[in-house]
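Summary of structural features
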Amino acid sequence: MSKVPIECMAVDSSTAARSSARRRPDLDDRQYEENIRSLAVALFTESEAVVTVWGDEEEQTIQGRITKLDKERKRIKIENKWEYSWIDFADVAGIRLLLD
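Residues numbered from 1 in each chain as written. Predicted model: local features only at pLDDT ≥ 70, side-chain atom pairs only at ≥ 80, totals over all residues. Heavy atoms only, no water.

**Brief notes about the environment of E83**
- Along the polypeptide, E83 turns up in the loop between β3 (75-79) and β4 (84-88).
- Residue E83 is classed as partly exposed on the basis of its relative accessible area, which comes to 28%.
- Along the chain, E83 and G64 lie 19 residues apart, while their C-alpha atoms are 9.4 Å from each other. (Helix = DSSP H or I, 4+ residues; strand = E, 2+ residues; numbered from the N terminus. Buried < 20%, exposed > 50% of the residue type's maximum accessible area, 1.4 Å probe, protein only.)

Laid out in structure tokens, this is it:
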């Protein structure tokens, strides 16, 4: 299984201006509940996961272990052997577990 490095997403004024062209998709209740369930399993079992993240121009997939949940800021921390990233849970379009 190959690992995909997490890329930092910097926001500049030109990116912010383009963001109005692409809207964040609304998740239905079933998909939202599935994301929460997958998040809980990934944290509890320390399993590798592929997280699909909404972006201004296109969705990205990030592979790694979800290691922390920040309830106050509503974000998750995902890390792989190269780096880590904090992702707002509102930007998560999907979580797919890679079970051993």
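**So, helix α2 (residues 29-45)**
- Helix length check: α2 (17 residues) gives 24 Å between terminal C-alpha atoms against 24 Å at 1.5 Å per residue, within 8%.
- Within the sequence span of α2, burial applies to N35, S38, L39 and A42. Here the buried residues of α2 occupy an arc of 105° about the axis, which is enough to place them on one side. Exposed and oriented more than 90 degrees from the buried face of α2 are D29, R30, R37 and F44.
- Among the structural elements, β2 (60-70), β3 and β5 (92-98) are those in contact with the buried residues of α2.
- Note on α2: the residue one or two positions beyond its end, E46, has a positive phi of about 55°. (Expected span 1.5 Å × (residues − 1). Arc of directions from axis to C-beta. Contact = heavy atoms within 4.5 Å.)

**What to know about the sheet that holds strand β1 (residues 48-53)**
- Read from one edge of the open sheet, 5 strands run β4-β3-β2-β1-β5, paired in antiparallel fashion. Of all strands in the sheet, those with a lone pairing partner are β4 and β5, marking the two edges. Each neighbouring strand pair of the sheet contributes to a mean axis angle of 45°, computed without reference to strand direction.
- Two elements, β1 and β2, share 6 bridges in a ladder whose sense is antiparallel. Looking at β2, one finds that V51 is bridged to I62.
- Lying over the sheet, α2 contacts β2, β3 and β5, oriented at roughly 40° with respect to β5. (Pairing = 2+ DSSP bridges. Axes fitted to C-alpha atoms, helices over the stretch in contact; angles between N-to-C directions.)

**Description of the pairing of β3**
- When you tally the buried positions in β3, you get 4 out of 5 residues, the bulk of the element.
- Here β2 pairs with β3 via 5 bridges, running antiparallel. Among the inter-strand pairings, L69 is bridged to a residue of β3, identified as I76.
- Counted along the chain from β2 to the antiparallel partner β3, the turn is 4 residues long, and its residue K74 has a positive phi close to 55°.
- As paired elements, β3 and β4 share 5 bridges and run antiparallel to each other.

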